[in-house]
Amino acid sequence: MKKHNFGAGPGILPEEALRKSAQAVLDLNGTGLSLLEISHRSKDFDAIMQKTKSLVKELLGVPDNYSILFLQGGASTQFAMVPYNLLPVDGKAAYVESGVWANKAIKEAKMVGTTEVLASSKDKNFSYIPKNFSIPKDAAYLHVTSNNTIYGTQMKSYPDSPIPVVCDMSSDIFSKPVDVSKFDLIYAGAQKNMGPAGVTMVIIKNDICGKVNRTIPTMLNYQTHIEADSLYNTPPVFPIYVCMATLEWLQSIGGVPAIAKLNQKKAAMLYTEIDSNPLFTGTTAVEDRSEMNVCFVMTKPELEEEFSKAVKDAGIIGIKGHRSVGGFRASLYNALPIESVAVMTKVMREFAMKTA
Ligand SMILES: *Cc1c(COP(=O)(O)O)cnc(C)c1O
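These lines cover the structure that appears in this document, whether it is placed above or below. (Residues numbered from 1 in each chain as written. Predicted model: local features only at pLDDT ≥ 70, side-chain atom pairs only at ≥ 80, totals over all residues. Heavy atoms only, no water.)

## Some remarks on the side chain of S175
As a reminder, the rule being used: What counts as a helix is a DSSP run of H or I of at least four residues, what counts as a strand is a run of E of at least two, and both are numbered from the N terminus. The classification of residues rests on relative accessible area computed with a 1.4 Å probe and restricted to protein chains. Under 20% of the type maximum is buried, over 50% is exposed, and intermediate values are partly exposed. By the convention used here, residues are in contact when the closest approach between their heavy atoms is within 4.5 Å.
By secondary structure assignment, the location of S175 is in the loop between β8 (165-168) and β9 (185-189). Given a relative accessible area of 3%, S175 falls into the buried group. Beyond its immediate sequence surroundings of up to four residues, S175 is in contact with Q154, N193, I259, A260, N263, M292 and N334.

Structural data, given as structure tokens:
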């Protein structure tokens, strides 16, 4: 039986994309060669790279003065690359601490230079999005996290910033429309909502590099990858291919506006059940609820084990909450069908009736 995969990351991918990728590993487009055996500088791979980039550009409406890069090292390497490239030796950077990932980004920035934390929701275990902070005009950039994967909070709007904005969109990229022109740099590890682990996408405004007076190791320098079109060294060819296949699927179902509508519907279904079912309660501020990661706990924690069993029996996997929140976390990434959410809410309803 195919499982209902609510895992937080690596997340569920469209079956169509998986099939296509599996075939490309065996025989790429009838070339008699595996995708994994061809040169990354070949015509065949170049076509894959260009197609992936053009899909990103089209689906997100990326303006012409931005580069789309495919790098390695995960979003975690971006935590360091951002300050290395954008934080001047005698300047400062501004960060919003909205969760564990933001916290890790801050830790890296502090190693590179002066880092100011403008606001934090640590006081309430990151259950809300910090708002109404003022942004220092003399900071080099503002760093925010659009969706806090572990805590289930999501930014519904972005601050009007007088300084460049850098955003970690690892867990909600391609889930809803975004005005790329409002950001100088967007990065996302692929394995939540756009592909497999092993590739990180960076969308960067071309003219923001080369402004800091610091020696940057070649591989950590955005300029290297902009100039080489992500082919300075061997790129992660397989993860890039799976991203391409996933984005082709997204395009075929109507692109970002269509998936945004579906994502809203999926999230509304699950939150409605959580709010109306006496056995469950959400863990985050209602106005900041994430459409990607839905965190909740049981009002009778002693029933958790039994509920987990009922969930498992229904073919649902991946809903155990992160250790820092406890309870449950159901991730509703793009490729999760609405039918899986219906199965989940049905299990919750039936479990409440059975134990009432
Ligand atoms: C998963 C995640 C990361 C870490 O990504 P890696 O690719 O594993 O380094 C960073 N930020 C957010 C928001 C995430 O969800």
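## Side note on the environment of H4
Along the chain, the position of H4 falls in strand β1 (residues 4-5). Residue class for H4 comes out buried when judged on its relative accessible area of 17%. Distance in space between the C-alpha atoms of H4 and S98 is 29 Å, their sequence separation being 94 residues.

## Digging into the state of the cysteines
Disulfide: a covalent bond connecting the sulfur atoms of a pair of cysteines. Where we set the bar: Working definition: a disulfide is two cysteine sulfur atoms within 2.5 Å of each other.
Enumeration according to the criterion identifies zero disulfides in this entry. No disulfide involves C243; its sulfur sits 18 Å from that of C167, the nearest cysteine. Residue C243 is classed as buried on the basis of its relative accessible area of 0%. Cysteine C295 shares no disulfide, and the gap to the nearest cysteine sulfur, in C167, comes to 18 Å. Judged by relative accessible area, C295 falls into the buried class, the value being 3%.

## A look at the site of the ligand
Put simply, the rule reads: Residues are counted as near a molecule or strand when any one of their heavy atoms sits within 4 Å of it. Pairs of N or O atoms within 3.5 Å make up the polar contacts considered here, provided that, within protein, one atom can donate a hydrogen while the other can accept it, and that residues adjacent in sequence are counted only when both atoms are side-chain atoms. Accessible surface is estimated by sampling points in the Shrake-Rupley manner with a 1.4 Å probe; for residues, cover comes only from the protein chains shown.
In the vicinity of the ligand lie 13 residues, with S76, T149, D168, Q191 and K192 positioned nearest. S76 has a polar side-chain atom sitting 2.6 Å from an oxygen atom of the ligand. Interatomic distance of 3.0 Å between a side-chain N/O atom of Q191 and an oxygen atom of the ligand. Coverage of the ligand by the protein chains reaches 89% of its 390 Å² of free accessible surface.

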